[in-house]
Amino acid sequence: MARGDPPAGDDRPFPPGEYPLVVVGSGPGGLQLSYALRRLGVEHAVISADPAPGGMFRRWPFFQRLLSWTKPYAPAEHGTRAYERYDWNSLLAEEAENRALMTGLMDGTSYFPSRPEMELNLVAFAERTGVKVRYGCRWESTRRETTDSGERFVLETSDGEYRCRVAVFAVGVAEPYVPPTPGLDLVPHYADTRPAETYAGKRIFIVGKQNSGFELASGLLPWARSIVLASPSPAKLSVVTRSLVGIRARYLQPYEDHVLAGGVAVLEASIDRIEPTGNTLRVTVRPSGGGEPVAFEVDEAIAATGFVAPLRDLPALGVATFGSSRLPAQTPFWESATVPGIYFAGTIGQGATGLRKHGMPANSGAVHGARYNARLLAGHLAEKHFEMARRRRPIAETEVLPFLIEEICRAPELWHQRAYLARVVSVDAAQGIADEGFVPLAHFLDAGGPDAIAATIEADAEGGVYPVFYLRHAGKTEERVLPGHPLHDFSSDEHRRAVASLLSELGLAPAEERAAPAAS
């Protein structure tokens, strides 16, 4: 493959040239994907504009404490698969010594890691697992060209051009977004917030009521004279939505101050305009419930208006996007829905929304969900583009029932990626019974194939959490919902009988049925 010679003294890996696959980004998604690709033997290059691993965690969150937990003391042993349920921040590794790295890097003051601890966690993963990245190489634009050997993507970078059959963008959702509200461009974005002490004694207006806005309000409470948060829609609380959708509990102190009239106001109002008035600002809002505009005189305003996916010219190439975050529309395997050969990894993968048949989304927008997507994506790329056969583990008929019960009770892939990932066991007359691993549920339902059973975990808006099975038999697929459990223990006799009944429809007899004595 043609590759340019690096400049003298430049020992960075992956000089410009042609590669089978190029990954852009060195945050959690890029690191996890590269690790998994290398384990599968898929040749690829990784480039990143950053000087080191970490992605957005090299800078944010502003007040330096994450929303995702890693629990040093948990119901499972560190480094086990079961412990991943309680460690939302470590990346996934096959080597025992490279698992649950986050746990050993925390100072013990909180089970929410600090931003520097998370950054160190990602640096340690890259160093210990040997993930190589060409740092300081900024992706600038993309085009397609046709060659004698087929179509190629050409990624133009600050170091030169990269050509590849497959491109994966693990670039996060971290480009600051400011809507075109008059005057909003005059105030700093969340990304440009100053140190907290510089806001001492100030009247502060925060535009936006998502986590970033409430994070700022929480951090500025000890300093600000007063705080107003405003956006058109009501504030959603994660403890009410029973998911990661909404303001997390760690940031709810400003909301309590609001309901107790403690110097914080949380308003449902659209921002009409922001105007400088000497040394202060006038913020005019229109209440969502109607009525006359209201003006606030404040000392400072901050636009906590969110982030968008930094796709550069990919939309011009044909990549369709949707929503206020400009997420790329994706297939269940995180491929662009409109430009084959372009994929996405990391938190940008939340653009593949899944079915959400019971209402609650998966956690693809967070590290603890996206890491499983990246690992699965690596296997899909290896199979689809590099002709590497997917691993199918033969499984004995008597093992199927205990295997599925164990998965719905403890599999972190199912619990973190509820309603998105499913564990599949196939029953093929020619190839026998096999554990097919994890697949996106939407793919299982759409793709067809031999008789099979798929297990997933679902959650509803009322807080219910329960197993759901999908039975594919004779070309038809049916959904079967099992009951929940107060402690999420799905190994009860009731659950075992229900799963055994499903397996019998596929012609499988569980071990206990085979061992049962004949009726006298």
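Everything quoted here is computed from the prediction, not taken from an experiment. Numbering of residues starts from 1 in every chain and runs along the sequence as written. Since the coordinates come from a predicted model, pLDDT governs what is reported: local features require at least 70, and pairs of side-chain atoms require 80 or more to be given and counted, while whole-chain, interface and lining totals use all residues. Hydrogens and water molecules were not included; the side-chain quantities draw on all heavy atoms of the structure.

**Q** Report on the sheet that holds strand S8 (residues 226-231), specifying residues and quantitative values.
**A** In this analysis, strands are considered paired if DSSP registers two or more bridges between them. Numbering of helices and strands runs from the N terminus; a helix is a DSSP stretch of H or I covering at least four residues, while a strand is a stretch of E covering at least two. With respect to topology, six strands assemble into an open sheet ordered S11-S10-S9-S8-S7-S12, the strand pairing being mixed. The sheet is open, and its two borders are formed by strand S11 (294-298) and strand S12 (300-303), each paired with just one other strand. Strand-to-strand twist across the sheet, computed as the mean angle between neighbouring axes with direction ignored, equals 40 degrees. Here strand S9 (residues 264-277) pairs with strand S10 (residues 280-287) via eight bridges, running antiparallel. For Ala269, the partnering residue across the bridge sits in S10 and is Pro287. The contact rule is simple, with two residues in contact once any of their heavy atoms fall within 4.5 Å. Here, axes are lines fitted to C-alpha atoms. For helices the fit covers the stretch in contact, and angles between N-to-C directions go from 0 to 180 degrees. Relative to the sheet, helix H3 (residues 211-220) contacts strand S7 (203-207), S8, S9 and S12, its axis offset from that of S8 by approximately 175 degrees.

**Q** Requested: an account of the side chain of Ser48, with residues and values cited.
**A** Along the chain, the position of Ser48 falls in the loop between strand S2 (45-47) and helix H2 (115-129). For every residue, the accessible area (1.4 Å probe, protein chains only) is compared with the maximum for its type, and the residue is labelled buried under 20%, exposed over 50%, or partly exposed between those bounds. For Ser48, a relative accessible area of 4% gives the class buried. Polar side-chain contacts of Ser48 include one of 3.1 Å to the backbone nitrogen of Asp50. Those residues in contact with Ser48 that sit more than four places away from it in its chain are Gly25, Ser26, Val133, Arg134, Tyr135, Gly136 and Cys137. Pairing of N or O atoms within 3.5 Å defines a polar contact, subject to two protein rules: one partner must be a possible hydrogen donor and the other a possible acceptor, and residues neighboring in sequence count only if both atoms are side-chain atoms.

**Q** I'd love a proper account of the packing of helix H8 (residues 400-410) against helix H11 (residues 493-505), names of residues and values included.
**A** Remark: H8 packs on H11, axes separated minimally by 10 Å, with the N-to-C direction vectors making an angle of 125 degrees. Judged on the interaxial angle alone, H11 and H8 are oblique. Between H8 and H11 lies a crossing whose hand is right-handed. Residues Val400, Leu401, Leu404 and Ile405 of H8 form the contact with H11, whose own contacting residues are His495, Arg496, Val499, Ala500 and Leu503. All residues other than Ala, Val, Leu, Ile, Met, Phe, Trp, Tyr, Cys, Pro, Asp, Glu, Lys and Arg, Gly among them, are scored as polar; the first ten of these are nonpolar and the last four charged. Taken together, the residues of the contact of H8 with H11 break down into seven nonpolar, one polar and one charged. Just so you know how the angles are binned, under 35 degrees is roughly parallel, over 145 roughly antiparallel, 65 to 115 roughly perpendicular, and the rest oblique. Note: crossing handedness is left-handed where the near helix turns anticlockwise from the far helix by less than a right angle, and right-handed where it turns clockwise.

**Q** Tell me what's going on with unusual backbone geometry, and back it up with residues and numbers.
**A** Negative phi characterises most residues that are not glycine, and trans characterises most peptide bonds. A cis amide bond links Trp60 to the next residue, Pro61, at an omega of 10 degrees. Along the polypeptide, Pro61 turns up in the loop between S2 and H2. Located in the positive-phi region is Arg326, a residue other than glycine, with phi close to 55 degrees. Tracing the sequence through the fold places Arg326 in the loop between strand S14 (321-322) and strand S15 (327-328). Unlike most non-glycine residues, Trp334 shows phi in positive territory, near 65 degrees. Among the secondary structure elements, Trp334 is positioned in the loop between S15 and strand S16 (342-344). Exposure remark for Trp334: the relative accessible area of 1% places this residue in the buried category.

**Q** So what about the sheet that holds strand S22 (residues 476-481)? Which residues, and what values?
**A** Within a sheet, neighbouring strands are paired by backbone hydrogen bonds and run either parallel or antiparallel to one another. What the six strands build is an open sheet, ordered S17-S19-S18-S20-S21-S22; its pairing is antiparallel. Where the open sheet ends on each side, the last strands, each with one partner, are strand S17 (393-394) and S22. As paired strands, strand S18 (residues 421-428) and strand S19 (residues 432-440) are joined by eight bridges and run antiparallel to one another. Across the sheet, residue Ala422 finds its bridge partner in S19, namely Val439. Where H8 meets the sheet, its contacts fall on S17, S18, S19, strand S20 (451-459) and strand S21 (465-473), and the angle it forms with S18 comes to roughly 170 degrees.

**Q** Go over the domain arrangement of the protein with me, naming the residues and quoting the values.
**A** For every domain, the bounds stem from an assignment made automatically or drawn from a database. Considered domain by domain, the protein is made up of domain 1 (17-173 + 309-385), domain 2 (184-305) and domain 3 (394-505). If you average the C-alpha positions of domain 1 and of domain 2, the two centres end up 31 Å apart. Buried surface at the junction of domain 1 and domain 2, summed over both partners, amounts to about 1,300 Å²; 68% is from carbon and sulfur atoms. Summed over the three residues of domain 1 that lose the most area to domain 2, namely Phe62, Phe63 and Leu67, the buried surface amounts to 51% of that side. Note on definitions: buried area is the accessible-area loss of two parts on being combined, 1.4 Å probe, summed for both.

**Q** Please provide a residue-by-residue account of the side chain of Asn89, values included.
**A** Tracing the sequence through the fold places Asn89 in the loop between S2 and H2. Of note is the side chain of Asn89, whose polar atom sits 3.2 Å from the backbone oxygen of Trp69. With residues up to four places along the chain from it excluded, the contact list for Asn89 reads Leu66, Ser68, Trp69, Thr70, Met102, Pro113, Met118, Asn121, Val367 and Arg371.

**Q** Could you give an account of the packing of aromatic side chains, with specific residues and numbers?
**A** Between rings of Phe, Tyr and Trp, where Trp is taken as its six-membered ring, a pair exists when centres lie within 6.5 Å; planes separated by under 30 degrees are stacked, by over 60 edge-to-face, and by other angles tilted. Applying the stated criterion to the full structure yields 16 aromatic pairs. Judged by centre distance (6.0 Å) and plane angle (25 degrees), the rings of Tyr19 and Tyr162 are stacked. Of the two residues, Tyr19 sits in strand S1 (residues 17-24) while Tyr162 sits in strand S5 (residues 160-169), which places them 143 residues apart along the sequence. Note on Tyr19: relative accessible area 3%, which makes it buried. Among the aromatic residues, those joined into a cluster by ring pairs are Trp69, Trp88, Tyr111 and Phe112. For the cation-ring pair, Lys71 lies above Trp69, with the distance from its terminal atom to the ring centre recorded as 4.2 Å. Geometrically, a lysine NZ or arginine CZ counts as sitting over a ring once it is within 6 Å of the ring centre and also within 35 degrees of the ring normal. For Arg194, the ring lying beneath its charged end belongs to Tyr199, and the centroid distance is 4.3 Å.

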